[in-house]
Amino acid sequence: MSLVLRFQIQLSYGRAIFAPGTSSEQPNSNPHFRGLRVILTDDDDVNRTVTKKLLEKLGCEVTAVSSGFECLSALSSAENSFRLVVLDLQMPEMDGFEVAKRIRKFCSRNWPLIIALTASAEDNIWERCLQMGMNGVIRKPVLLQGMADELRRVLQRAGEGL
Amino acid sequence: MDLLSQLQRQLADFTASLYREGFVDDQFTQLQKLQDESSPEFVVEVVSLFFEDCEKLVNNMAKALEQQVVDFKQVDSHVHQLKGSSSSIGAARIKNVCIAFKTFCEAQNREGCLRCLQQVNHEHAQLKTNLQTLFTLERQIVANGGSIPAMQ
């Protein structure tokens, strides 16, 4: 929970697009997420299916892959058209940290943006993610509101603000 | 009370009991909210996927626990995966068994692990039955001209 609180302080309280209780009734109401090209990387079938649907509900155009290798491959062949990478940290073969490290080797800090998904309750997970060049972190299980908030925060920070 | 109202009442009561008895939690509510006209079978599909994965993971855990020398790290990684997926669909009881299961893996306690495995099987079977009942009621409601009541 402390992770969430920290982010709340940094949010600018502009227009409340997602008022409490309304986010699920207006899934595509946020114009800033509509058409956002996202690549989702999660090796677990169930989680990948749920998170993909969640992102689509927010208006994103989602490509879902099941490994770090597929993610890097898709990024390198798409001519930088993915705006955001949503990345599970704990994957076999290549974990999220390694994927982020490799992405940042060739790409700037703001394109693509990287948001990590983690079930970890470790205190320093946020710092570790930052060090690897990620832009945001979401705790699992993922909630629609949590995802929307973090997406908005990360986009704002990148200067595509609301 | 006409048939449709009866069915809707049945569904509401049954659903409430699933939450009350801890079979499902808020994540399941969210899962239902993700279903829409573009994916009208979303919940059924995800739940089926989950039960398939659960079976595979349980088989892997069972095999690993049968070994002369148990690789608890391997068992733990299967449990971790099950914990993650059960958590994301709101299968609360299964998720809770996984939490206990993990501590037995860390303690390298084979007996404890086997007990948890049995519990997972039990909870899996119960949840499957319960959700099948839920989906059947929903289908009957739709067949009788109703729409699935919105969750609170």
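Residues numbered from 1 in each chain as written. Chains lettered and ligands numbered in written order. Predicted model: local features only at pLDDT ≥ 70, side-chain atom pairs only at ≥ 80, totals over all residues. Heavy atoms only, no water.

Labelled according to an unreviewed UniProt entry, chain B appears under the name Histidine-containing phosphotransfer protein, originating from Dovyalis caffra. Under the heading Function (unreviewed entry), UniProt records this for chain B: "Functions as a two-component phosphorelay mediators between cytokinin sensor histidine kinases and response regulators (B-type ARRs). Plays an important role in propagating cytokinin signal transduction." (UniProt positions renumbered as here; feature names shortened; annotations may be inferred.)

Chain A appears in an unreviewed UniProt entry as Response regulatory domain-containing protein from Dovyalis caffra.

> Describe the UniProt feature "modified residue: Phosphohistidine" (unreviewed entry) in chain B, naming the residues involved and giving the relevant values.
UniProt tags B:His80 as "modified residue: Phosphohistidine" (unreviewed entry). You can see B:His80 is positioned in helix H4 (residues 72-89). Discounting chain neighbours no more than four positions away, the residues touching B:His80 are A:Gln90 and B:Lys102. (Helix = DSSP H or I, 4+ residues; strand = E, 2+ residues; numbered from the N terminus. Contact = heavy atoms within 4.5 Å.)

> Give me the lowdown on the packing of aromatic side chains, citing residues and values where you can.
Inspection of every chain in the model, using the stated rule, returns one aromatic pair over all chains. Their ring planes at 55° and their centres at 5.6 Å tell us that B:Phe50 and B:Phe51 sit as a pair that is tilted. The two residues B:Phe50 and B:Phe51 agree in class, both being buried. The ring of A:Phe82 has A:Arg37 sitting right over it, with the charged end atom 4.5 Å from the ring centre. (Phe/Tyr/Trp six-rings, centres within 6.5 Å; stacked < 30°, edge-to-face > 60°. Buried < 20%, exposed > 50% of the residue type's maximum accessible area, 1.4 Å probe, protein only. Lys NZ or Arg CZ within 6 Å of the ring centre and 35° of its normal.)

> For the interface of chain B and chain A, give the residues involved together with the corresponding values.
Listed by partner, the interface residues are 21 residues for chain B and 15 residues for chain A. Inspection of the region where chain B meets chain A yields two salt bridges. Counting the contacts that link chain B with chain A gives nine residue pairs in polar contact (both at pLDDT 80 or more). Mapped by element, the contributors of at least two residues to the side of chain B that touches chain A are helix H2 (26-34), helix H3 (42-66) and H4 of chain B. Sort the elements by how many residues they give to the side of chain B that touches chain A and H4(B) lands first, with seven residues. (Salt bridge = Lys/Arg side-chain N within 4 Å of Asp/Glu carboxyl O. Polar contact = N/O pair within 3.5 Å; in protein donor to acceptor, adjacent residues only side chain to side chain.)

> Outline the sheet that holds strand E4 (residues 113-118) of chain A, supporting the account with residue identities and numerical values.
Residues and elements named next belong to chain A. Strand order in the open sheet made by the five strands is E2-E1-E3-E4-E5, with parallel pairing throughout. In this open sheet, the two strands that pair with only one neighbour each are strand E2 (61-65) and strand E5 (136-139). In this sheet, neighbouring strand axes are inclined to one another by 20° on average, regardless of whether the strands run parallel or antiparallel. Examined bridge by bridge, strand E1 (residues 37-41) and E2 share five bridges and lie parallel to one another. When the bridges of E2 are listed, valine 38 appears paired with valine 62. (Pairing = 2+ DSSP bridges. Axes fitted to C-alpha atoms, helices over the stretch in contact; angles between N-to-C directions.)

> Describe the UniProt feature "modified residue: 4-aspartylphosphate" (unreviewed entry) in chain A, naming the residues involved and giving the relevant values.
Residues and elements named next belong to chain A. Per the UniProt record, "modified residue: 4-aspartylphosphate" (unreviewed entry) is found at Asp88. When you line up the elements, aspartate 88 lands in strand E3 (residues 84-88). Ignoring any residue separated from it by four or fewer positions in sequence, one finds aspartate 88 in contact with Thr41, Asp42, Asp43, Gly96, Leu117 and Lys140.

> So, the confidence of the model for chain B: which residues are in play, and what are the values?
When pLDDT is averaged across chain B, the result is 94; 97% of the residues are at 70 or more. Confidence estimates for the predicted assembly give a pTM of 0.85 and an ipTM of 0.91. (pLDDT = per-residue confidence, 0-100.)

> A description of the side chain of B:His78 should follow, citing residues and the corresponding values.
When you line up the elements, B:His78 lands in helix H4. Contacts of B:His78, omitting those with residues within four sequence positions, involve B:Leu57, B:Asn60 and B:Met61.

> If you had to explain the pattern of salt bridges to someone new, which residues and values would you point to?
Within the structure shown, the criterion is met by 15 salt bridges over all chains. The closest approach of N and O atoms between A:Glu61 and A:Arg37, which form a salt bridge, is 4.0 Å. Residue A:Glu61 is located in strand E2, and its partner A:Arg37 is located in strand E1; the two are separated by 24 residues in the primary sequence. Classification of A:Glu61 as partly exposed rests on a relative accessible area of 47%. B:Lys128 is the partner of B:Glu55 in a salt bridge, and the nearest nitrogen-oxygen pair spans 3.6 Å. Of this pair, B:Glu55 sits in helix H3 while B:Lys128 sits in helix H6 (residues 110-143), and the two are 73 residues apart along the sequence. On the basis of relative accessible area, B:Lys128 is assigned to the partly exposed category, the value being 29%. Counted as one network, the salt bridges with shared partners bring together A:Lys53, A:Lys57 and B:Asp36.

> Talk me through the nonpolar core; I want residue IDs and the actual numbers.
If you look at the biggest cluster of nonpolar residues, it comprises 68 residues, and the most contacted ones within it are A:Met147, A:Leu151, B:Leu31, B:Val75, B:Leu82, B:Phe101 and B:Leu131. Tallying contributions element by element places H3(B) first for this core, with twelve residues. Residues within four places of B:Leu82 in sequence aside, it is in contact with B:Phe50, B:Cys54, B:Leu57, B:Met61, B:Ile94, B:Cys98 and B:Val120. Grouped together as the second largest cluster of nonpolar side chains are 22 residues, A:Ile39, A:Met94, A:Ala116 and A:Cys129 included. (Core = buried A, V, L, I, M, F, W, Y, C linked by side-chain atoms within 4.5 Å.)

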